[in-house]
Amino acid sequence: MEEEDEEVTPPCVTLNKLFKKPKPDIKKTITDDLRPNIAVNPKGEKAASIGKMADGTEGTIVGPASDENQVPIRTGTVYYSAIHTHPDNCYPMFTFGDVLVLNKLKNGLQPHNKGLASFLLVCKDDNGVFQTYAIVFDKRLANTIQNIFDSPENSGCSELEIVDKMDERMEEKFIQEDKYGSKNYERAFLRMMSGYNVSLYKANTDLNNWSKLSLNPI
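Analysis parameters
Residues numbered from 1 in each chain as written. Predicted model: local features only at pLDDT ≥ 70, side-chain atom pairs only at ≥ 80, totals over all residues. Heavy atoms only, no water. Pairing = 2+ DSSP bridges. Helix = DSSP H or I, 4+ residues; strand = E, 2+ residues; numbered from the N terminus. Axes fitted to C-alpha atoms, helices over the stretch in contact; angles between N-to-C directions. Buried < 20%, exposed > 50% of the residue type's maximum accessible area, 1.4 Å probe, protein only. Expected span 1.5 Å × (residues − 1). Bend = angle between axes of the 7 residues up to and from the residue. Contact = heavy atoms within 4.5 Å. Right-handed = clockwise from strand over helix to strand, strands pointing away. Parallel < 35°, antiparallel > 145°, perpendicular 65-115°, else oblique. Patch = residues over 30% accessible without salt bridge, like charges linked within 9 Å, V, L, I, M, F, W, Y side chains within 5 Å. Areas by Shrake-Rupley, 256 points an atom, 1.4 Å probe, with all protein chains shown as cover. Salt bridge = Lys/Arg side-chain N within 4 Å of Asp/Glu carboxyl O. Lys, Arg positive; Asp, Glu negative; His and termini not counted. Charge placed at Lys NZ, Arg CZ, Asp CG, Glu CD.

Examining the sheet that holds strand S1 (residues 47-52)
At step 1: Spatially, seven strands are ordered S2-S1-S3-S4-S5-S6-S7 in an open sheet, and the strand pairing comes out mixed. The strands lining the two open edges of the sheet, one partner per strand, are strand S2 (58-62) and strand S7 (210-213). Ignoring which end each strand starts from, the neighbouring axes of this sheet average 25° apart.
At step 2: Where strand S4 (residues 118-124) meets strand S5 (residues 130-137), six bridges bridge the pair, whose relative direction is antiparallel. In the strand pairing of S5, Leu121 is matched with Tyr133.

A short note on unusual backbone geometry
The general pattern is negative phi for most residues beyond glycine and trans for most peptide bonds.
At step 1: Each neighbour pair has its own omega, and for Lys21 with Pro22 the value is 0°, a cis peptide bond.
At step 2: Mapped onto the elements, Pro22 comes out in the loop between helix H1 (11-16) and helix H2 (26-40).
At step 3: Of the consecutive residues Lys23 and Pro24, the connecting peptide bond is found in the cis state with omega at 5°.
At step 4: When you line up the elements, Pro24 lands in the loop between H1 and H2.
At step 5: For Thr77, which is not a glycine, the phi torsion comes out positive at approximately 50°.
At step 6: By the element assignment, Thr77 lies in the loop between S2 and strand S3 (79-85).
At step 7: Unlike most non-glycine residues, Leu207 shows phi in positive territory, near 55°.
At step 8: Given a relative accessible area of 4%, Leu207 falls into the buried group.

Regarding H2
At step 1: In this model, H2 (15 residues) spans 21 Å end to end at C-alpha, consistent with the 21 Å of a helix rising 1.5 Å per residue.
At step 2: Taking the largest bend as the criterion, H2 deviates by roughly 30°, centred on Leu34, and proline Pro36 comes between one and four positions later.
At step 3: Inspection of H2 places Ile26, Thr29, Ile30, Leu34, Arg35, Asn37 and Ile38 among the buried residues, and these make up the whole buried set.
At step 4: Turning to H2, the residues buried within the fold contact S1, S2, S3, S4 and S5.

Quick word on the pairing of S4
At step 1: Among the seven residues in S4, six count as buried, and that is most of the element.
At step 2: In the sheet, S3 pairs with S4 via five bridges, with the strands oriented parallel. Directly across from Ile83, in S4, lies its bridge partner Leu120.
At step 3: Regarding the hand of the β-α-β motif, the stretch spanning S3, helix H3 (residues 96-107) and S4 is right-handed.

Things to note about the packing of H3 against helix H5 (residues 159-179)
At step 1: As a packed pair, H3 and H5 sit with axes 8 Å apart at the nearest point and diverge in direction by 130°. As summarised for this structure, H3 and H5 are arranged oblique, according to the angle between their axes. Of the residues in H5, those in contact with Phe96, Gly97, Leu100 and Lys104 of H3 are Glu159, Val163, Met166, Asp167 and Met170.

What about a negative patch on the surface?
At step 1: Taken together, Glu161, Asp164, Glu168, Glu171 and Glu172 make up a surface patch of like negative charges.
At step 2: With respect to the helices and strands, the residue Glu161 is situated in helix H5.

Take a look at the structure:
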């Protein structure tokens, strides 16, 4: 049997494995542990980490909620994916800091978890509807986020300074969406990450399938 590789396994297939029952079965984690936190914790976040050991044993650990708009994410060792919430006082979309978390998840993968790195977001959109998004790396695109850190304009900047700068630029795009009334934060994120190897996916209402989101070429 051919070994699965991150270059040939479609991201939708990789993401759908997260819905596999009985484990990791992230649907239950999302509906029972993460969504409720948004209602009772208007300024904080909550996260769950998904891991798989070399023998195939899988499990999900739900961490304690924070009281601010950031939460620790487990990376390295057996952890290959994680889910986090955004409170209502944050934009219902990934930040560049979240992209950096995905990169840390990928760089910390053990060999048996190769190609499984993903980072998920559970939030409420402006209509109060729960949404679940995922970001993964797309091996087909040559420009990685490392190009951002290696660019001449960021020479001499620390990682934190670069992340802050990129998050400010992304927020500017979110503000533009607010200004023009479209509030299409998915589009803002895709425009910000255009040309880099980050793909954005959205789960369906039943939390059993994913669709890739792309910019309209027009």
